[in-house]
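Chain by chain, the residues run as shown.
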Amino acid sequence: MLQLHILREQTENVCKALEKRNLEARPLVDKVLELDEKRRSFQTRLDNTLAESNTLSKEIGILFKNKQIEEANALKNKTSALKEKAKTLGESLNAAARELQEALYQIPNIPHELVPAGSNEEDNEEVFREGEIPDLGDAALPHWELAQQYDIIDFELGVKITGAGFPVYKGKGARLQRALIQYFLDKNTEAGYTEMQVPHLVNEASGFGTGQLPDKEGMMYHVGEDNLYLIPTAEVPVTNMLRDVILEQKELPVAYTGYTPCFRREAGSYGAHVRGLNRLHQFDKVEIVRVEHPDQSYAALDKMVAHIKTLLQELELPYRILRLCGGDLGFTSALTYDFEVYSTAQKRWLEISSVSNFEAFQANRLKLRYRDNNKKTQLAHTLNGSALALPRVLAGILENYQKATHIRIPEVLVPYTGFDKID
RNA sequence: AGAGAGGUGGCCGAGUGGUCGAAGGCGCACGCCUGGAAAGUGUGUAUACACCAAAAGUGUAUCGAGGGUUCGAAUCCCUUCCUCUCUGCCA
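Rules used in this analysis
Numbering of residues starts from 1 in each chain and follows the order in which that chain's sequence is written. Chain letters and ligand numbers both follow the written order, the letters beginning at A and the numbers at 1. Residues qualify for local features only when their pLDDT is at least 70, as the model is predicted, and side-chain atom pairs are given and counted only at 80 or more; totals for whole chains, interfaces and linings, by contrast, use all residues. Calculated side-chain values reflect all of the structure's heavy atoms, with hydrogen atoms and water omitted. For the purposes of this entry, the term helix denotes a DSSP run of H or I that reaches at least four residues, the term strand denotes a run of E that reaches at least two, and both are numbered from the N terminus. In summary, the pairing rule links any two rings of Phe, Tyr or Trp, Trp by its six-membered ring, whose centres are within 6.5 Å, and it sorts them by plane angle into stacked for under 30 degrees, edge-to-face for over 60 and tilted for everything else. Between buried and exposed lies partly exposed: a residue is buried under 20% and exposed over 50% of the maximum accessible area for its type, with that area taken using a 1.4 Å probe on protein chains only. For a Lys NZ or an Arg CZ to count as sitting over a ring, it must be within 6 Å of the ring centre and within 35 degrees of the ring normal. Proximity criterion: a residue is near a molecule or strand once any of its heavy atoms comes within 4 Å of it. Residues adjacent in sequence count toward polar contacts only when both atoms are side-chain atoms; beyond that, a polar contact is any pair of N or O atoms within 3.5 Å, and within protein one must be able to donate a hydrogen and the other to accept it. Pairing between two strands is assigned when DSSP locates at least 2 bridges connecting them. The axes used here are C-alpha line fits, helices contributing only the stretch in contact, and every angle between their N-to-C directions lies in the interval 0 to 180 degrees. For this text, the term disulfide refers to a pair of cysteine sulfurs within 2.5 Å. Helix span, expected: 1.5 Å multiplied by one less than the number of residues in the helix. Contacts are assigned to residue pairs with any non-hydrogen atoms lying within 4.5 Å of each other. Two helices cross in a left-handed way if the nearer one is turned anticlockwise from the farther one by less than a right angle. They cross in a right-handed way if the turn is clockwise. Residues are grouped as follows: nonpolar covers Ala, Val, Leu, Ile, Met, Phe, Trp, Tyr, Cys and Pro; charged covers Asp, Glu, Lys and Arg; every other residue, Gly included, is treated as polar.

**Section: unusual backbone geometry**
With an omega dihedral of -5°, the bond running from Leu252 to Pro253 counts as a cis peptide bond. Take Pro253: it is sitting in the loop between β8 (246-248) and β9 (254-263). In this model, Ala387 is joined to Leu388 through a cis peptide bond whose omega is -5°. Inspection of the secondary structure puts Leu388 in strand β16 (residues 381-389). Of note in the backbone geometry, Lys367 takes a positive phi value of approximately 60° without being a glycine. Tracing the backbone shows Lys367 in the loop between α11 (361-366) and β14 (369-371).

And the structure:
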């Protein structure tokens with residue numbers, strides 16, 4: 001949610017910047033400003049009415065104490081009109097506030113100046129590429145065939161017990177996955193992130209806090225009986241820990257990491273792009289989340305990118321980094337870098353991490369603030385990223401490390417897996 | 001899951017219809033005192049919104065949340081969430 005004062009004071013700039021998202025924001029922004037004015041006018045009128053009524057009430061109290069019953073009753077009559085007025089104004093105020101919020105929710109975050117113009121993923125800007133793409137020739141198998149050949153992931157079994165998109169990891173496949181999780185958590189901890197184990201179900205308020213609700217309700221699994229949602233990412237519980245929090249400036253930055261399974265209904269997926277591990281309803285992910293002073297948030301973003309790079313370097317996977325263009329940029333993000341690992345057999349890049357600076361957009365909704373040097377509360381900046389999403393890293397490892405008779409395990413993982421090849 | 005008790009400011013805790021945004025204490029901040037510290041002492045110490053160019057200031061709302069009664073609610077009523085104790089169940 002954008003801050004109203006920014007919309008009010010920098011209307012032109014905001015609209016111009018939003019053009020990068022191919023969004024004609026003018027009508028929306030105008031509507032917000034109009035509703036804001038309306039809301040404020042109702043607020044002022046209601047406050048004045050209530051003030052008047054409060055004064056009268058106090059007078060009535062004093063009159064009763066002095067046994068001036070008649071005078072008191074006379075004043076009572078006066079207050080009933082005020083009461084009526086306050087009620088109407090209150091309703092108008094609430095209606096305006098609600099409308100304002102709804103309109104405000106429809107405006108995405110302002111893209112950072114580095115965000116390239118563009119309409120879809122084709123226009124994303126590759127900013128970095130590293131790692132050798134192995135030459136596997138025509139013998140290269142996609143990971144789902146490797147998974148079957150070495151009996152390490154069973155998609156059919158998942159279908160049997162749950163449904164499509166819920167694979168069963170077996171034997172060394174399970175162990176490799178667990179090794180990756182632990183490796184990522186260790187590396188993140190080493191980099192200064194505090195490990196958190198969080199609930200995998202969240203309440204409605206948390207869904208609203210990070211913006212999955214009300215718009216993206218369809219992406220989450222809902223437990224109706226208890227009105228809880230299965231988390232689509234650790235970002236939801238981890239970030240919501242900081243909902244309605246005022247931090248002291250010296251407590252910044254906050255850096256958390258957490259491993260959770262992620263549950264996504266992912267309606268409307270199809271074809272080869274969802275085969276194997278490419279897209280799942282349940283998958284594992286290690287997430288990193290930061291809360292930063294606004295002056296520091298972009299330096300922090302760079303640090304996060306650098307950190308994720310080291311993970312991929314150590315795993316010796318070929319990857320590239322994209323700066324998302326305006327058309328592909330997430331609603332809440334100001335600047336996002338996607339990491340993609342190369343799937344040698346599928347001959348395409350798979351997204352394994354998305355690192356974003358939300359600036360104050362998310363904090364505004366969460367009411368996550370810090371107290372600055374003048375003791376004023378200010379919105380903090382929030383950032384998060386995957387470090388990393390497991391299935392596609394697994395797919396990358398299986399495909400890129402495949403040999404004629406086995407799959408090699410990246411060296412850094414061997415201490416975690418306890419074996420150096422899958423055969 | 002059943003029975004009971006309770007949710008008040010950063011924390012503890014008073015407050016059962018009228019200047020209560022809320023006593024008192026702790027903590028914290030600044031000052032005095034001190035050679036320095038402790039003790040002592042003085043002052044200050046919530047959040048949001050509105051008005052104001054801004055500061056100062058003023059107003060409004062907030063005592064878990066939502067509704068109601070009343071001229072007036074932390075206080076009474078209803079709904080709901082949560083916590084604690086006991087009983088039950090359970091990894």
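**Structural notes on the packing of aromatic side chains**
Inspection of the entire model under this criterion finds seven aromatic pairs. Where Phe128 meets Tyr319, the ring centres are 6.2 Å apart and the plane angle is 40°; that geometry is what we call tilted. Of the two residues, Phe128 sits in strand β1 (residues 125-130) while Tyr319 sits in strand β11 (residues 319-323), which places them 191 residues apart along the sequence. Judged by relative accessible area, Tyr319 falls into the buried class, the value being 1%. Plain terms: the ring middles of Phe331 and Phe361 are 6.0 Å apart, the flat faces sit at 75° to each other, and that makes the pair edge-to-face. Taken together, the residues span a long stretch of sequence, with Phe331 in the loop between β11 and β12 (335-343) and Phe361 in helix α11 at a distance of 30 residues. Residue classification places Phe331 among the partly exposed residues on the basis of a relative accessible area of 33%. Three or more aromatic residues joined by ring pairs form one cluster here, namely Phe128, Tyr319 and Phe339. If you follow Lys172 out to its NZ or CZ, it ends over the ring of Phe419, 4.7 Å from the centre. Its end group placed over the ring of Phe128, Lys309 keeps NZ or CZ at 3.8 Å from the ring centre.

**With respect to the protein's contact with RNA strand B**
Near RNA strand B lie 20 residues; those nearest to it are Arg39, Gln43, Thr44, Arg371 and Thr377. Backbone atoms, meaning sugar and phosphate, make up 75% of the atoms of RNA strand B lying within 4 Å of the protein. Within the side chain of Arg39, an N or O atom sits 2.8 Å from a sugar or linking oxygen of RNA strand B. One of the side-chain nitrogen or oxygen atoms of Gln43 is found 2.6 Å away from a sugar or linking oxygen of RNA strand B. Secondary-structure elements contributing two or more residues to the surface near RNA strand B are α3 (26-65), α4 (69-105) and β14. With twelve residues, α3 is the largest single contributor of residues to the surface near RNA strand B.

**Describing the sheet that holds β1**
If you walk across this open sheet you meet the eight strands as β1-β11-β12-β13-β16-β10-β9-β4, and the pairing is mixed. Single-partner strands in this sheet number two, and they are β1 and β4 (194-196). For this sheet, the mean angle separating the axes of adjacent strands, direction not counted, is 25°. The pairing of strand β10 (residues 282-292) with β16 spans seven bridges and is classified as antiparallel.

**Some thoughts on helix α12 (residues 390-400)**
Of all eleven residues making up α12, ten are buried, and the element is well covered by its neighbours. What α12 keeps buried is the set Leu390, Pro391, Val393, Leu394, Ala395, Gly396, Ile397, Leu398, Glu399 and Asn400.

**Considering the state of the cysteines**
Note: disulfide means a covalent bond formed between the sulfur atoms of two cysteine side chains. Applying the stated criterion to the full structure yields zero disulfides. In this structure Cys15 is not part of a disulfide, and its nearest cysteine sulfur, from Cys325, lies 20 Å away. A relative accessible area of 0% places Cys325 in the buried class.

**A word on helix α7 (residues 171-190)**
Helix length check: α7 (20 residues) gives 29 Å between terminal C-alpha atoms against 28 Å at 1.5 Å per residue, within 8%. Residues of α7 that are buried: Gly173, Leu176, Gln177, Ala179, Leu180, Ile181, Tyr183, Phe184, Leu185, Lys187 and Asn188. Just downstream of α7 lies Gly192, where phi reads positive at about 105°.

**Focus on the side chain of Thr417**
Locating Thr417 in the fold gives a position in helix α13 (residues 414-417). For Thr417, the residues in contact, after removing those within four places along its chain, are Arg175, Leu176, Ala179 and Ile409.

**Things to note about the packing of α7 against α12**
Between two packed helices, what matters for the description is the angle formed by their axes and the separation of those axes. Between α7 and α12, the shortest axis-to-axis distance is 11 Å and the interhelical angle comes to 115°. Where α7 crosses over α12, the two elements pack in a sense that is right-handed. Between α7 and α12, the residues in contact are Leu176, Gln177, Leu180, Ile181 and Phe184 and Leu390, Val393, Leu394, Ile397 and Leu398, respectively. Residue composition of the contact of α7 with α12, grouped by class: nine nonpolar, one polar and no charged.

**Remarks on the environment of Tyr416**
Tracing the sequence through the fold places Tyr416 in helix α13. On the basis of relative accessible area, Tyr416 is assigned to the partly exposed category, the value being 22%. Sequence separation of Tyr416 and Gln182 is 234 residues, and the distance between their C-alpha atoms is 7.5 Å. Apart from residues lying up to four places away in sequence, Tyr416 is in contact with Arg175, Ala179, Gln182, Tyr183 and Asp186.

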